[in-house]
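Coordinate inspection notes
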Amino acid sequence: AWYISLEDKDEYVWDDDDKKYLDSIGKKTWQFFEDFINEENNYLMVDNYQEDREKKIVNRTSSTNIGLELLAVISAYDLGYINYKKCIGLIRKIIDTVNNLSKWNGHLYNWYNTKTLEPLLPRYISSVDSGNFVGYLFVLKQFLIENKNKLDVENLIQNITNLINSTDFSHLYSE
């Protein structure tokens, strides 16, 4: 926030210590995602992890969490923490799981069990979380379009386009 608030960003020169510090925070943040985006959780990011309780991991996730994990994957690639093949592999696994989740008019339910993939009760749709998720899908799609020459990702782009187009927001508002 401090850097963004500078009127003349050219006045601040990032030294090597600043860059190393930011890179170490980025790597630690990515490590958290890498630890929890796994087969055990169907490649869905768990909602939270708390060290000070007996059950440290809460095996649930939301549509916003899923979108954020997709952005974390492409950010890890952009920052050089993972290679493109791993990036696309994780995206495919996440999107394959999303395709298998129960939906309402194309919307993801607000909460899912990451182990069983069942929507949690009470089942409901959040227009905020659905909007976040579709927004993240647009970012992901653009990333894939810009990088599609590296691997064949046309089917993945089409799959994401289908997820976006099938999410019908008209049921969530009254004209």
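Everything below is about the structure printed above this text.
Residues numbered from 1 in each chain as written. Predicted model: local features only at pLDDT ≥ 70, side-chain atom pairs only at ≥ 80, totals over all residues. Heavy atoms only, no water.

1. Details of helix 5 (residues 127–146)
To be explicit about the condition: Starting at the N terminus, helices and strands are each numbered in turn, a helix being any DSSP run of H or I of at least four residues and a strand any DSSP run of E of at least two. One less than the residue count of a helix, multiplied by 1.5 Å, gives the span that helix is expected to have. Buried means the residue's accessible area, taken with a 1.4 Å probe over protein chains only, is under 20% of the maximum for its type, while exposed means over 50%, and partly exposed covers the values in between. When checking whether two residues touch, look at their non-hydrogen atoms; a contact exists if any pair is within 4.5 Å.
The end-to-end C-alpha distance of helix 5, which contains 20 residues, comes to 29 Å, matching closely the 28 Å that a straight helix rising 1.5 Å per residue would cover. The complete set of buried residues in helix 5 reads Asp 129, Ser 130, Phe 133, Val 134, Tyr 136, Leu 137, Leu 140, Phe 143 and Leu 144. Those residues of helix 5 hidden inside the fold are in contact with helix 3 (63–78), helix 4 (84–100), strand 5 (107–108) and helix 6 (154–166).

2. Points about the packing of aromatic side chains
Going by this rule: Only Phe, Tyr and Trp rings take part, Trp by its six-membered ring, and two of them pair if their centres are within 6.5 Å. Stacked means planes under 30 degrees apart, edge-to-face means over 60, and tilted covers everything else.
Under the criterion given, the structure shown has seven aromatic pairs. Judged by centre distance (5.8 Å) and plane angle (75 degrees), the rings of Tyr 77 and Phe 143 are edge-to-face. One end of the pair, Tyr 77, is in helix 3; the other, Phe 143, is in helix 5, and 66 residues separate them in sequence. Like Tyr 77, the residue Phe 143 is buried in the burial classification. With a centroid separation of 6.4 Å and an interplanar angle of 65 degrees, the aromatic rings of Tyr 109 and Tyr 112 are classed as edge-to-face. Tyr 112 shares its class with Tyr 109; the two are buried.

3. As for unusual backbone geometry
Here Leu 121 and Pro 122 are connected by a cis peptide whose omega angle stands at -5 degrees. Along the chain, Pro 122 turns up in the loop between strand 6 (112–113) and helix 5. We note that Tyr 43 has phi near 60 degrees; this positive angle belongs to a residue other than glycine. Mapped onto the secondary structure, Tyr 43 falls in the loop between helix 2 (16–36) and strand 1 (48–49). A residue is classified by how much of its surface remains accessible, and Tyr 43, at 18% relative accessible area, is buried. For Leu 117, which is not glycine, the phi torsion reads 70 degrees and is therefore positive. Given the relative accessible area of 18%, Leu 117 is considered buried.

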